[in-house]
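Coordinate analysis (summary)
One-letter residues, chain by chain:
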Amino acid sequence: MSYEFSRQPRFLPDMPRGEIDVPNPPMINEKPEISWFGILLPPIVMLIITVLIAMTSQSIYLLISVATTVMTLIGSLTGATSQIRKYKLKKKEREEKYLQFITDVRSDLSIAREQQVKAMNEMSPDPAECVQRISRRDNKLWEKTPSHNDFLALRIGVGSVPLELHIKYTKQAIILETDPLLMEPQRLAMEFEKVPNVPITVNLLTTEICGIAGESDKTAVLIKLMLLQLVTHHGYDDVRVIVLAAEDELEKWDWLKFVPHLWDDGFNIRFLLCGKAI
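My aim in this report is to walk through the structure given alongside it, one point at a time. Residue numbers restart at each chain and count upward from 1, following the sequence in its written direction. With the structure being a predicted model, the display of local features is reserved for residues of pLDDT at least 70 and the display and counting of side-chain atom pairs for 80 or more, all residues being used for whole-chain, interface and lining totals. With hydrogens and water stripped out, all remaining heavy atoms of the structure feed into the side-chain values.

Section: the overall build of the protein
Note the threshold: The helix count covers DSSP runs of H or I at least four residues long, the strand count covers runs of E at least two residues long, and both are numbered beginning at the N terminus. Exposure classes here rest on a 1.4 Å probe applied to the protein chains alone. A residue is buried below 20% of its type maximum, exposed above 50%, and partly exposed in between. The contact criterion used is simple: two residues touch if any of their non-hydrogen atoms lie within 4.5 Å. All accessible areas in this document rest on Shrake-Rupley with a 1.4 Å probe, and a residue is counted as covered only by the protein chains that are shown.
Across its full length, the protein carries six helices and six strands. Along the protein, helices (α) and strands (β) appear in the sequence β-α-α-α-β-β-α-β-α-α-β-β when read from the amino end. By residue count, 31% of the 278 residues in the protein fall in the buried class. A fraction of 80% describes how many contacts in the protein between residues 6 or more apart in sequence connect residues 24 or more apart. Working note: accessible area of the protein is about 18800 Å², and carbon and sulfur atoms make up 59% of it.

Some words on helix 6 (residues 216-233)
Rules: A helix's residues, less one, multiplied by 1.5 Å, set its expected span.
Compared with the 26 Å implied by 1.5 Å per residue over 18 residues, the 26 Å span of helix 6 between its first and last C-alpha is a close match. Listing the buried residues of helix 6 in full gives Thr219, Ala220, Met226, Leu227, Leu228, Gln229, Leu230, Val231, Thr232 and His233.

Concerning unusual backbone geometry
Non-glycine residue Trp142 carries a positive phi angle of around 60 degrees. Relative to the helices and strands, Trp142 resides in the loop between helix 3 (127-135) and strand 2 (153-162). Under the relative-accessibility criterion, Trp142 is labelled buried at 17%. A positive phi angle, close to 55 degrees, is found at Asn197, a residue other than glycine. Assignment of secondary structure puts Asn197 in strand 4 (residues 194-203). Overall, Asn197 belongs to the exposed group, its relative accessible area being 60%.

Quick notes on the side chain of Glu143
Positionally, Glu143 belongs in the loop between helix 3 and strand 2. Discounting residues that sit within four places of it in the chain, Glu143 has contacts with Arg10, Arg133, His148 and His233.

Structural notes on the packing of helix 3 against helix 6
Basically, it comes down to this: Lines fitted to C-alpha atoms define the axes here, with helix axes fitted over just the stretch in contact, and angles between the N-to-C directions of these axes take values from 0 to 180 degrees. Here a crossing is called left-handed whenever its near helix is offset anticlockwise from the far helix by less than a right angle, and right-handed whenever the offset is clockwise. Amino acids are sorted into nonpolar (Ala, Val, Leu, Ile, Met, Phe, Trp, Tyr, Cys and Pro), charged (Asp, Glu, Lys and Arg) and polar (every other residue, Gly among them).
Where helix 3 meets helix 6, the axes come as close as 10 Å, and the angle between the chain directions of the two elements is 35 degrees. When you trace helix 3 past helix 6, the crossing you get is left-handed. Packed against helix 3, whose contacting residues are Pro127, Cys130, Val131, Arg133 and Ile134, the element helix 6 presents Leu225, Leu228, Gln229, Thr232 and His233 at the interface. A breakdown of the residues in the contact of helix 3 with helix 6 according to their chemical character gives six nonpolar, three polar and one charged.

Focus on the nonpolar core
Selection criterion: Nonpolar core, defined: a set of buried Ala, Val, Leu, Ile, Met, Phe, Trp, Tyr and Cys residues in which side-chain atoms within 4.5 Å join the residues together.
One finds Val22, Leu109, Leu163, Ile167 and Leu188 to be the most contacted residues of the largest nonpolar core, which totals 21 residues. Residue assignment for this core shows that the elements contributing at least two residues are helix 2 (60-123), helix 4 (184-191) and strand 4. For this core, the element with the highest residue contribution is helix 2, accounting for eight residues. Beyond its immediate stretch of four places on either side in the chain, Leu109 contacts Ile20, Leu163, Leu165, Ile167, Leu188 and Phe192. In terms of nonpolar packing, the next biggest core, distinct from the first, is built from 18 residues, Leu154, Leu227, Leu230 and Val243 among them.

As for the packing of aromatic side chains
The line we're drawing: Between rings of Phe, Tyr and Trp, where Trp is taken as its six-membered ring, a pair exists when centres lie within 6.5 Å; planes separated by under 30 degrees are stacked, by over 60 edge-to-face, and by other angles tilted.
Applying the stated criterion across every chain, the model contains three aromatic pairs. Measuring from ring centre to ring centre gives 6.0 Å for Tyr98 and Phe101, while their planes differ by 35 degrees; the resulting arrangement is tilted. With a gap of three residues between them, Tyr98 and Phe101 both fall in helix 2, about one helical turn apart. For Tyr98, a relative accessible area of 5% puts it in the buried group. For Phe101, a relative accessible area of 29% corresponds to the partly exposed category. An angle of 85 degrees between the planes, with centres 5.5 Å apart, marks the rings of Trp142 and Tyr236 as edge-to-face. Here Trp142, found in the loop between helix 3 and strand 2, pairs with Tyr236, found in the loop between helix 6 and strand 5 (243-246); they are 94 residues apart in sequence, far enough to count as distant. For Tyr236, a relative accessible area of 29% puts it in the partly exposed group.

Have a look at this one:
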């Protein structure tokens, strides 16, 4: 039974690009330097002296002086506590606004990371998905052409890769101030530096020569998975596969004998060779 299949135009999934700037926190307001000794001592001394004099004299002026001294003390205390209160409010507002900004950036980076994971898995799916695409003759079948950057980029496993969205920030080499917000941009960059659990590929077009060494059974499985990636996403008019196998291992490659990538243009000659090793 034969089927007709027409290669469809490829629509690349959205991949996060560019950079995102994470500025340092705004300058912290200087903490008011209040000398409680200088504020409290003069009026207290004056108040004590005035009270002692008032105990020996019943002058109304001394009572006014006592009241004035008390009011001066209260005014100084009120002014100092007001400065401290304003400083704490501005410090709290600074921390809340900057941490909210970091939270918003973290949310954007999480979306970008998820977008990259989805895009990479769509462009280089796992073997089960490759089989499904072949079985249902999906429109992503043979979608990669020599004009694409990932032409002949074959999935060989899963690992971590850098985030495509560059995080721009100023590294803090030496921190003289005890400001917990200064390290937030660097912590954010380190958190999203890598994208885990995504396909790792090897590009046969740029590497030119690729060798796989190891135990025979394990290398055969890896080569089989790479060939599955190749025949799923590359058309036989762009790529030809030639198999050179030992005679006693020919059965391992039996599944390839009907793959069009293994035949010449007229489908008369199959590029599957076996024999004794030279």
